[in-house]
Amino acid sequence: MDTQVSFLDRLFDSGLLIDTGVDGLYGRSGQFEDVIAAFERLIDRFGGADGAEAIRFPPGMNRAYFEKSGYMKSFPQLAGTVHSFCGNELDHISLLKCMDADEDWTKEQKATDIVLTPAACYPLYPTVAKRGALPATGGLFDLQSYCFRHEPSTDPARQQLFRMREYVCMGTEKHVTDFRQLWMDRGLKMMEEVGLPVEIDVANDPFFGRAGKMLANNQRDQNLKFELLIPITSTTKPTACMSFNYHQDAFGLKWGLNLEDGSVAHTACVGFGLERIALALFHHHGLDVKAWPEQVRKALWG
């Protein structure tokens, strides 16, 4: 914890991150954003020739799609919904009185049709399903979005609102597992270019409750999720900065994603935690970008 707070304080003092008064919700400086932009260009250099279709969704998604996804069954502790005032003039007067009295003014807020996007790929599956059958060659998509997960922390690498860059592959089992292995190899190469120490290990998502423990064990036993780990605020518990996920046919069945021969599509994705990677670069190479090793600067800025 002390290491986390110390690094966070240094980031605040340098102006790279801006304190908003809420743990895990930070402003970013121009220099911080420049590092993220440079790393995204590196991602493009490795994956741009693959021909992925670029789609950019907003950080909110259709609540009906969110409910169908089953996210609340597995991760209710992380979800965020968008609520708005839906009352009349009398309700508004009551709201203002509550605010003046420092009482809870949110009781008249009601859920809207928007929830905060939990992962960049979640709006993609219903979107692609509406198009009809995928070609025999499958589909490849390039996504980037702000995402929300309700886990306030003083660890700067565990933010509540953060950006995720993803490539999502849809096709046969072999097609998507080959895609995942390709990006595991690429991920190691990318981090080598920017001088970051990494390891890849099997992992599981933070499923909730008793049933979640069984889901997590099954996920690990089947090697469905791997993470690329980099020490940022802890050497004993390095931070997951990339993830490599094979969903089998779970999303294909849920959303009706089929190939042109009628078979259910399998899906896989690779995700980059952009803020986390930027933080890893600042932690390992220092807060002054101009003093970073030449190899790293060349990889990011040419």
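These numbers were taken from a predicted model, which means no experiment stands behind them. (Residues numbered from 1 in each chain as written. Predicted model: local features only at pLDDT ≥ 70, side-chain atom pairs only at ≥ 80, totals over all residues. Heavy atoms only, no water.)

**As for the overall build of the chain**
Step number 1: A tally of regular secondary structure across the chain gives eleven helices and twelve strands.
Step number 2: For 302 residues, the compact-globule estimate of 2.2 N^0.38 gives 19 Å, and the chain sits close to it at 21 Å.
Step number 3: Expressed as lengths along the three principal axes of its C-alpha atoms, the size of the chain is roughly 60 × 55 × 35 Å.
Step number 4: Of all 302 residues assigned to the chain, the portion counted as buried reaches 46%.
Step number 5: For the chain, the proportion of contacts with a sequence separation of at least 24, taken over those separated by at least 6, is 70%.
Step number 6: Total accessible area on the chain is roughly 14900 Å²; 52% of this is exposed by carbon and sulfur atoms.
Step number 7: With 31 positive and 40 negative side-chain charges, the chain shows a spacing of 3 Å between the two charge centroids. (Helix = DSSP H or I, 4+ residues; strand = E, 2+ residues; numbered from the N terminus. Rg over C-alpha atoms; globule rule 2.2 N^0.38 Å. Buried < 20%, exposed > 50% of the residue type's maximum accessible area, 1.4 Å probe, protein only. Contact = heavy atoms within 4.5 Å. Areas by Shrake-Rupley, 256 points an atom, 1.4 Å probe, with all protein chains shown as cover. Lys, Arg positive; Asp, Glu negative; His and termini not counted. Charge placed at Lys NZ, Arg CZ, Asp CG, Glu CD.)

**With respect to the pairing of strand β11 (residues 239-248)**
Step number 1: In terms of burial, β11 is a largely internal element, nine of the ten residues being buried.
Step number 2: In this structure, β11 lies alongside strand β12 (residues 266-273), joined through six bridges in antiparallel fashion. Bridging from a neighbouring strand, Asn245 pairs with Cys269 of β12. (Pairing = 2+ DSSP bridges.)

**Some points on the sheet that holds strand β5 (residues 81-85)**
Whether parallel or antiparallel, the strands of a sheet pair through hydrogen bonds between backbone atoms.
Step number 1: With antiparallel pairing, the three strands of this open sheet are ordered in space as β4-β6-β5. The outermost strands of the open sheet, each flanked by one partner alone, are β4 (60-62) and β5. On average, adjacent strands in this sheet sit at an angle of 60° to one another, irrespective of strand direction. (Axes fitted to C-alpha atoms, helices over the stretch in contact; angles between N-to-C directions.)

**Details of a nonpolar patch on the surface**
Step number 1: Nonpolar side chains collect at one region of the surface, where Leu96, Met99 and Trp105 lie side by side and expose about 270 Å² of accessible area between them.
Step number 2: Turning to its location among the elements, Leu96 is positioned in helix α5 (residues 89-100).
Step number 3: Note on Leu96: relative accessible area 38%, which makes it partly exposed. (Patch = residues over 30% accessible without salt bridge, like charges linked within 9 Å, V, L, I, M, F, W, Y side chains within 5 Å. Salt bridge = Lys/Arg side-chain N within 4 Å of Asp/Glu carboxyl O.)

**What about the packing of helix α2 (residues 30-47) against helix α10 (residues 274-285)?**
Step number 1: Packing of α2 against α10 brings their axes to within 9 Å, and their N-to-C directions diverge by 110°. With respect to α10, the element α2 is oriented roughly perpendicular. Residues Gln31, Phe32, Val35, Ile36, Phe39, Glu40 and Ile43 of α2 lie in contact with α10, whose contacting residues are Leu274, Glu275, Ile277, Ala278, Leu279, Leu281 and Phe282. (Parallel < 35°, antiparallel > 145°, perpendicular 65-115°, else oblique.)

**Concerning the side chain of Glu275**
Step number 1: Relative to the helices and strands, Glu275 is located in helix α10.
Step number 2: Those residues in contact with Glu275 that sit more than four places away from it in its chain are Arg28, Phe32, Ile36, Tyr146, Gln159, Phe162 and Arg163.

**Focus: the packing of aromatic side chains**
Step number 1: Counting across every chain of the model gives 14 aromatic pairs.
Step number 2: On the numbers, 5.2 Å between centres and 25° between planes, the contact of Phe75 with Phe207 is stacked. Taken together, the residues span a long stretch of sequence, with Phe75 in the loop between α4 (71-74) and β5 and Phe207 in the loop between β9 (199-202) and α8 (209-221) at a distance of 132 residues.
Step number 3: Residue classification places Phe75 among the buried positions, given a relative accessible area of 9%.
Step number 4: Taken together, the aromatic side chains of Phe66, Tyr71, Phe75, Tyr122, Tyr125, Phe207 and Phe251 make up a single cluster linked through ring pairs.
Step number 5: A cation over an aromatic ring shows up here: Arg186 above the ring of Trp183, its NZ or CZ 4.6 Å from the ring centre. (Phe/Tyr/Trp six-rings, centres within 6.5 Å; stacked < 30°, edge-to-face > 60°. Lys NZ or Arg CZ within 6 Å of the ring centre and 35° of its normal.)

**Let's talk about the pattern of salt bridges**
Step number 1: The full count for this structure, using the stated rule, is 14 salt bridges.
Step number 2: For Glu53, the salt bridge is made with Arg131, and the minimal N-O distance between the two is 2.7 Å. A residue pair is termed long-range when its members are at least 10 positions apart, and Glu53 in strand β3 (residues 53-55) and Arg131 in the loop between α6 (124-129) and β7 (139-148) qualify at 78 residues.
Step number 3: Salt bridges linked by common partners bring Glu40, Asp44, Arg56, Asp142 and Arg165 together as one network.

**A word on α8**
Step number 1: With 13 residues, α8 extends 19 Å from end C-alpha to end C-alpha; this agrees with the ideal 18 Å at 1.5 Å per step.
Step number 2: Where α8 is buried, its residues meet β10 (225-230).
Step number 3: The positive-phi residue at the C-terminal boundary of α8 is Asn223, with phi of around 55°. (Expected span 1.5 Å × (residues − 1).)

**Thoughts on the nonpolar core**
Step number 1: Core analysis: the biggest nonpolar cluster contains 49 residues, and Phe39, Trp183, Met191, Val194, Phe272, Leu281 and Leu300 have the highest contact counts within it.
Step number 2: For this core, the leading source of residues is α2, giving eight residues.
Step number 3: Tyr71, Val115, Val128 and Cys269 belong to the second largest nonpolar core, which has 30 residues in total. (Core = buried A, V, L, I, M, F, W, Y, C linked by side-chain atoms within 4.5 Å.)

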